Amino acid sequence: MNPRRKKRLITVSAIVLILGAAIGLMLYALSQNIDLFYTPSEIIEGKEGVIPEVGQRLRIGGMVVPGSVKRNEETLDVSFDLQDTGPIVTVSYQGLLPDLFREGQGIVATGVLTKKNHIQAHEVLAKHDEEYMPPELAEKMKGIKHVNPNQANPNNEQQQGAKY
């Protein structure tokens with residue numbers, strides 16, 4: 001083989017190898033930071049046949065069960081139960097809860113599954129409006145489908161063209 005051609009082949013092979021390694025490392029780093037969204041029913045019963053494993057990072061959304069909030073008087077530890085339409089999952093959190101957090105309120109928590117029905121959360125978010133609910137959670141909670149406001153009433157052209 002021609003020495004010049006051999007040098008080009010080695011250079012191209014090295015570039016492809018380095019590029020492949022960089023892409024592999026990026027995909028590995030991204031897979032470590034994925035938080036899948038679940039409802040309490042999906043954590044217990046599985047989502048599309050897959051039950052989350054203990055130690056998995058995830059996000060859970062549901063309604064805080066009235067009467068389930070337990071606060072430690074000496075620390076910032078709080079535990080509460082979440083429910084959608086089925087089983088209940090317990091969430092533990094250490095820190096200050098959002099101002100809008102209350103019993104009967106919809107929340108989303110990010111954390112780690114420590115037992116089959118227990119999550120140690122590191123972030124708790126409370127929804128800001130009584131009417132809004134993420135489409136996935138609304139379908140589980142009320143059996144309704146999310147409808148785009150622009151497509152909600154196609155026969156009424158005045159509302160579609162109205163500017164606020």
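Just so you know, these numbers come straight off a predicted model, no measurement behind them. (Residues numbered from 1 in each chain as written. Predicted model: local features only at pLDDT ≥ 70, side-chain atom pairs only at ≥ 80, totals over all residues. Heavy atoms only, no water.)

Asks: What's the story with the overall build of the protein in this structure? I'm lost.
Replies: A count of helices and strands for the protein gives 4 helices and 7 strands. Secondary structure of the protein in N-to-C order comes out as α-β-α-β-β-β-β-β-β-α-α. Taking all 164 residues of the protein together, 27% fall into the buried category. Within the protein, contacts between residues separated by at least 24 positions form 50% of all contacts whose residues are at least 6 apart in sequence. When the accessible area of the protein is evaluated, it comes to approximately 11800 Å², of which 55% is carbon and sulfur surface. (Helix = DSSP H or I, 4+ residues; strand = E, 2+ residues; numbered from the N terminus. Buried < 20%, exposed > 50% of the residue type's maximum accessible area, 1.4 Å probe, protein only. Contact = heavy atoms within 4.5 Å. Areas by Shrake-Rupley, 256 points an atom, 1.4 Å probe, with all protein chains shown as cover.)

Asks: For this particular structure, what's the right way to read the pairing of strand β7 (residues 118–126)?
Replies: As a general feature of sheets, a regular strand has side chains that alternate between the two faces. In this sheet, β7 lies alongside strand β5 (residues 88–94) in parallel orientation, the contact comprising 4 bridges. By the bridge assignment, Y93 is partnered in β7 with A121. Looking at chain direction, strand β6 (residues 106–115) and β7 are connected through 8 bridges and run antiparallel. Following the sheet pairing, I107 is matched in β7 by A126. The turn joining β6 and β7, which pair antiparallel and follow one another in sequence, is formed by 2 residues. (Pairing = 2+ DSSP bridges.)

Asks: Is there a simple way to think about the nonpolar core in this case?
Replies: The nonpolar side chains of a soluble globular protein tend to be buried with one another. The biggest cluster of nonpolar side chains holds 20 residues, and the ones touching the most others in it are I43, I60, F80, I107, I119 and V124. The set of elements that each furnish at least two residues to this core consists of α2 (40–45), β2 (57–64), β4 (77–83), β5, β6 and β7. In this structure, V124 is in contact with F80, Y93, L97, P98, F101, I107, V108 and A109, ignoring residues within four places of it in sequence. (Core = buried A, V, L, I, M, F, W, Y, C linked by side-chain atoms within 4.5 Å.)

Asks: How should I be thinking about the confidence of the model for the protein in this particular structure?
Replies: In this model, the protein carries an average pLDDT of 80, and 77% of its residues clear a pLDDT of 70 or more. Looking at the elements of the protein, mean pLDDT is at its lowest for helix α4 (residues 157–161), recorded as 45, and at its highest for β5, recorded as 92. Note on residues 156–164: pLDDT is under 50 here. Beyond four places in sequence and across chains, it has 4 contacts. (pLDDT = per-residue confidence, 0-100.)

Asks: Would you mind going over a nonpolar patch on the surface with me for this structure?
Replies: Nonpolar side chains collect at one region of the surface, where L19, I23, M26, L27 and L30 lie side by side and expose about 520 Å² of accessible area between them. Inspection of the secondary structure assignment puts I23 in helix α1 (residues 3–32). Overall, I23 belongs to the partly exposed group, its relative accessible area being 40%. (Patch = residues over 30% accessible without salt bridge, like charges linked within 9 Å, V, L, I, M, F, W, Y side chains within 5 Å. Salt bridge = Lys/Arg side-chain N within 4 Å of Asp/Glu carboxyl O.)

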